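# Chains, contacts and geometry: an overview
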Amino acid sequence: MQAWSKISKMPAPAIKKLQDELLTKMLNEEMAVRHPYYRELFKENNINTADIKGVEDLNKLPFTEKKDIIAPDGDLLHPKKFVLEVPKEEDLKPKKKGFSLFGKKETGPDPADYSFFSLYFTAGRTAKPVPIEYTHYDLENLKEAGARAFDVLELTRDDTLINAFTYAPNAYFWQMFYSTTGIGSTALQTGGGKVLGMEKILKAMDSMEAPVLVTAPGYARLALHTLKHFGFSAANLERIVIGIDYSPLTAVDRLSKLMEAVGAKENRVHRMYFVSEAKSGWAECAPGFGYHTNPDHILVEIVDPESGEVLGEGERGEVVITHLDTRGTVLLRYRTGDIATGGITTEQCPNCKRTVPRIMGDIERCLLHLELQGKDGAVPFNANRLREMMFAREDVLLWYVEINRSNSEDNLRIVVKGTSGTDEDALLKALKHDLDAEFKVPLSVESSTLDAVANQIGMEKYITEQIIFDKRNS
Ligand SMILES: [Zn+2]
């Protein structure tokens, strides 16, 4: 990665040129040479990487999907095929190119860049987790991505921060960890609810007078609602940074109002979008201005999820990433399964004036665009939309949905726990009315206890809570 001061101000055509150079270098000098999976794939499909002159030629190359990386039964080492081999002895000798200009010696790759540092995993909410190998080179890039995200968020060493992302071998927790240590701010790495528990996290936030809380959106909502119950104050809280889980703008709005209601000093909410397979997360400078990506690290394409066709700026589509400057696990045209509702833009950010490409809108999961069996045929059901509606409600604290099948017709069973002081009967009635109007499928709504719902969704048990249970095939 290069200097952020330069990259963040680079005009779009210069960024495009830089990405063309990085892409051809990555394809010819890394993937075609020491990437076991792509080297084989190129050979089998008669692909000559030298024919790829830049980003506009990318659509000549195939996509990579999660199922390509996941180890099939009996071949546990399969994901290793996506890891760059350490350069061989003969590659390391200086290349004999005669007199090089300006006396700069052309040397081969440095094996230290390829040496193993750690394995982090994808969250695995919907499929088997995928191991992503980081080398020391990637660790430096993770730190740089973290520093850039903090710059976009305008976080400084004066901001005491409570990191309540769940402790796990994943990019979310560790990028945040390295960001805080890199910047030298006072930070408590709580490990999230799973490690420290809500009461201790809130106590730390209060006693450390921390202005910044970093956590998943559902946990942030629960934290603000239970603050009073535990007897702690949010008087010093200025900002919440949400990430990991579905974070639509409606969640930002809801949390912002909640911060105001509990007497927080300020009510700013920021979003981050982490892609484990991109080995980094990107931040928004302000809600709705898009996730500011790192064009010298990861190339982002937006494609039609059905046809795979590359879409134009601002068009809703699936986020596809290509590694431009990584070692360890390296991915080409990897389909994330995430839909960016506002696509991508290369226009200068009107808020912070940075020029890097921004991923716009909300991030939805492709897998939550479901198809239900109705009486008269298939009925589309966007569970992302259900999540959004439930987050927007002031009267819902926790909830989950079951998708069941009876008499070959599917139905939804929604179980909720209302916020403290809510008239449960009124809540159920209002909820049934609103959901019936939105979703054209049979659905029931019922209430349950805090413990029962929290247990079911795995609050403080998983990286983030599990709220959609498709029981049709079980
Ligand atoms: Zn901006």
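Structure: see above.
So, a few notes on the structure that sits alongside this text. Residue numbers restart at each chain and count upward from 1, following the sequence in its written direction. Given that the model is predicted, a residue must reach a pLDDT of at least 70 before its local features are reported, and side-chain atom pairs must reach 80 or more before they are shown or counted; all residues, however, enter totals for whole chains, interfaces and linings.

This part takes up the environment of Cys-349. Put simply, DSSP marks the helices as runs of H or I at least four residues long and the strands as runs of E at least two long, and each gets a number from the N terminus on. Tracing the chain through its elements places Cys-349 in the loop between strand S13 (344-345) and strand S14 (358-359). The spatial distance from the C-alpha of Cys-349 to the C-alpha of Lys-60 is 30 Å, given a sequence separation of 289 residues. Beyond its immediate chain neighbours, meaning those up to four positions away, Cys-349 contacts Cys-285, Phe-289, His-292, Arg-354 and Arg-358. We call two residues in contact when their backbone-placed C-beta atoms lie within 7 Å.

Glancing now at the sheet that holds strand S7 (residues 268-275). If you trace the nine strands from one edge of the open sheet to the other, you get S4-S3-S5-S6-S7-S8-S9-S14-S13, paired in mixed fashion. For this open sheet the edge positions go to strand S4 (187-189) and S13, each flanked by a neighbour on one side alone. Two strands are said to pair when DSSP picks up at least two bridges between them. By the bridge criterion, two bridges tie strand S9 (residues 291-292) to S14 in an arrangement that is antiparallel. When the sheet's bridge partners are listed, His-292 is paired in S14 with Arg-358. Sheet strands in contact with helix H10 (residues 249-261) are strand S6 (239-242) and S7, and its direction is about 140 degrees off that of S7. To define axes, lines are fitted to C-alpha atoms, for helices over the stretch in contact only, and angles between the resulting N-to-C directions are given on a 0 to 180 degree scale.

Another aspect to go through is the sheet that holds strand S11 (residues 317-323). An order of S10-S11-S12-S15 is seen for the four strands of this open sheet, with the pairing classed as antiparallel. This sheet does not close on itself; its edge strands, each paired only once, are strand S10 (298-303) and strand S15 (363-365). This sheet shows a mean twist of 40 degrees between the axes of neighbouring strands, independent of strand direction. Judged from the four bridges that link them, S11 and strand S12 (residues 334-340) form a sheet pairing that is antiparallel. The residue of S12 that forms the bridge with Val-320 is Arg-335.

All right, on to the pairing of S12 then. Counting buried positions along S12 yields six of seven residues, so the element is predominantly enclosed. As paired elements, S12 and S15 share three bridges and run antiparallel to each other. The residue bridging Ala-340 from the neighbouring strand is Ile-363, located in S15. Around each residue's C-beta, the other C-beta atoms within 10 Å are counted; 20 or more make the residue buried, 12 or fewer make it exposed, and counts in between make it partly exposed. All C-beta atoms are placed from the backbone.

The subject of this paragraph is the nonpolar core. For this entry, the nonpolar core is defined as buried Ala, Val, Leu, Ile, Met, Phe, Trp, Tyr and Cys residues connected by C-beta atoms within 7 Å. Core analysis: the largest hydrophobic core is formed by 115 residues, its most contacted members being Ile-162, Leu-213, Val-214, Ala-220, Ile-321 and Trp-399. The residues touching Leu-213, leaving out its near neighbours within four places in the chain, are Ile-162, Ala-164, Met-205, Ala-220, Leu-237 and Ile-240.

Turning next to H10. For H10, spanning 13 residues, the distance from its first C-alpha to its last is 19 Å, which sits close to the expected 18 Å at 1.5 Å a residue. Every buried residue of H10 is accounted for by Ala-251, Val-252, Arg-254, Leu-255, Leu-258 and Met-259. For H10, the buried positions fall inside an angular range of 165 degrees around the axis, keeping them on one side. Packed against the buried residues of H10 are helix H9 (217-230), S6, S7 and helix H11 (383-392). Helix span is expected to be 1.5 Å times the residue number reduced by one. As used here, the arc belongs to the directions running from the helix axis to the C-beta atoms.

A large share of S7 lies buried, amounting to eight of its eight residues. Burial of S7 is two-sided: the residues Arg-268, His-270, Met-272 and Phe-274 facing one way and the residues Val-269, Arg-271, Tyr-273 and Val-275 facing the other way are all buried. Here S6 runs beside S7; their pairing, made up of four bridges, is parallel. Looking at the pairing, Ile-240 lines up with Val-269 of S7. Handedness of a crossover is defined as follows: orient the strands so they point away from the viewer, and if the path from the first strand over the helix to the second runs clockwise, the crossover is right-handed. The parallel pair S6 and S7, bridged by H10, forms a crossover whose chirality is right-handed. In this sheet, strand S8 (residues 280-284) lies alongside S7 in antiparallel orientation, the contact comprising four bridges. Along S8, the bridge assignment pairs Val-275 with Ser-280. Here S7 folds back onto S8, and the loop between the two strands holds four residues, one of which, Lys-279, carries a positive phi near 55 degrees.

We now examine H11. Within H11 the residues assigned to the buried category are Ala-383, Asn-384, Leu-386, Arg-387, Met-390 and Phe-391. Each buried residue of H11 sits inside an arc of 160 degrees when the element is viewed along its axis, so together they form one side. Next to the buried residues of H11 lie H10, S15, strand S16 (369-374), strand S17 (377-382), strand S18 (396-406) and strand S21 (468-470).

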